[in-house]
Structures are given as structure tokens and as C-alpha cells.
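# Remarks on the overall topology
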Amino acid sequence: MSGSYSFEVPVHEDVSGDRVWQLKSTGCIATTQSRFAPGRDAKLKSLMIHAGAGGHQVRRIERDRVVAKDALRVAADLGWEDLVRDAIARGE
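Just so it is clear, the structure is predicted and the values come from calculations on it, not from any experiment.

By size, the foremost hydrophobic cluster in this structure holds 15 residues, and its most contacted members are Tyr 5, Leu 44, Met 48 and Val 58. When residues of this core are traced back to their parent elements, those giving at least two are strand 1 (4–13), helix 1 (40–54), helix 2 (71–77) and helix 3 (81–90). A per-element tally of this core places helix 1 first, with five residues.

As C-alpha cells, this is what we get:
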């Protein structure tokens, strides 16, 4: 898979008023000749569903470029829009 995908979830504000976030990602750092390493497509679909359900922007990082999009737009780019939309609607 080329690039990595992630989103951030707000956790709390610390005593100085700074917002603290938790990074959610697939954890995939493998380089493959195919689009995904084995099982990583399922992890990415799950990440899209969780991000979409929470209303979080998904970041795709490739080298020094970062693109943030709505989870359904990312899913659409990968051909999974219907699957991800249906899973979000079911509350998965």
C-alpha cells in the first residue's frame, strides 16, 4: 500500500488548556508490490468506518504530502464508499 492513513480523536484538555489527541491508524508500514499487504485492506476499511462514524477527517500521508478528507471520500477513492456508508449507517 502506498502511503498511510490515520485520524485523530480528541481525548481531553490538559491543565494548560492544550487539547490532547489520540492517533488512530492501521499501523501499516509494509511496502508491497500489490496495493495492500495481506489483511491491511480490512484494517483500512475498519479505520474508514470508525472515522466516518465519529465524523473525523482521515489523513493520507505519502512522503512529505498530507491530504485530509472526509472518510466517505477516502472510501470512494478506494472503491469502498457503499460498504463504508452502509457500515456507518448500521453503527458498526
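Picking up where we left off.
For the rest of this paragraph, the subject is the pattern of salt bridges. Going through the model one piece at a time under the given rule, you end up with six salt bridges. One salt bridge in this structure joins Arg 59 and Glu 8, with 3.6 Å as the shortest N-O distance. With Arg 59 in strand 3 (residues 57–62) and Glu 8 in strand 1, this residue pair connects regions lying 51 residues apart in the sequence. In this structure, Arg 85 engages Glu 81 in a salt bridge whose closest nitrogen and oxygen atoms are separated by 2.7 Å. With a gap of four residues between them, Arg 85 and Glu 81 both fall in helix 3, about one helical turn apart. Taking relative accessible area as the criterion, Glu 81 reaches 30% and is therefore assigned partly exposed. Within this structure, Arg 60, Glu 62 and Arg 63 form a network of salt bridges that share partners.

In the sheet, strand 1 pairs with strand 3 via three bridges, with the strands oriented antiparallel. Bridging from a neighbouring strand, Ser 4 pairs with Ile 61 of strand 3. Here strand 1 pairs with strand 2 (residues 19–25) via seven bridges, running antiparallel. Across the sheet, the residue bridging to Val 9 is Gln 22, located in strand 2. The turn linking strand 1 back onto strand 2 is made up of five residues, and Gly 17 within it adopts a positive phi angle of 90°.

About the cut-offs
Residues numbered from 1 in each chain as written. Predicted model: local features only at pLDDT ≥ 70, side-chain atom pairs only at ≥ 80, totals over all residues. Heavy atoms only, no water. Core = buried A, V, L, I, M, F, W, Y, C linked by side-chain atoms within 4.5 Å. Buried < 20%, exposed > 50% of the residue type's maximum accessible area, 1.4 Å probe, protein only. Helix = DSSP H or I, 4+ residues; strand = E, 2+ residues; numbered from the N terminus. Salt bridge = Lys/Arg side-chain N within 4 Å of Asp/Glu carboxyl O. Pairing = 2+ DSSP bridges.

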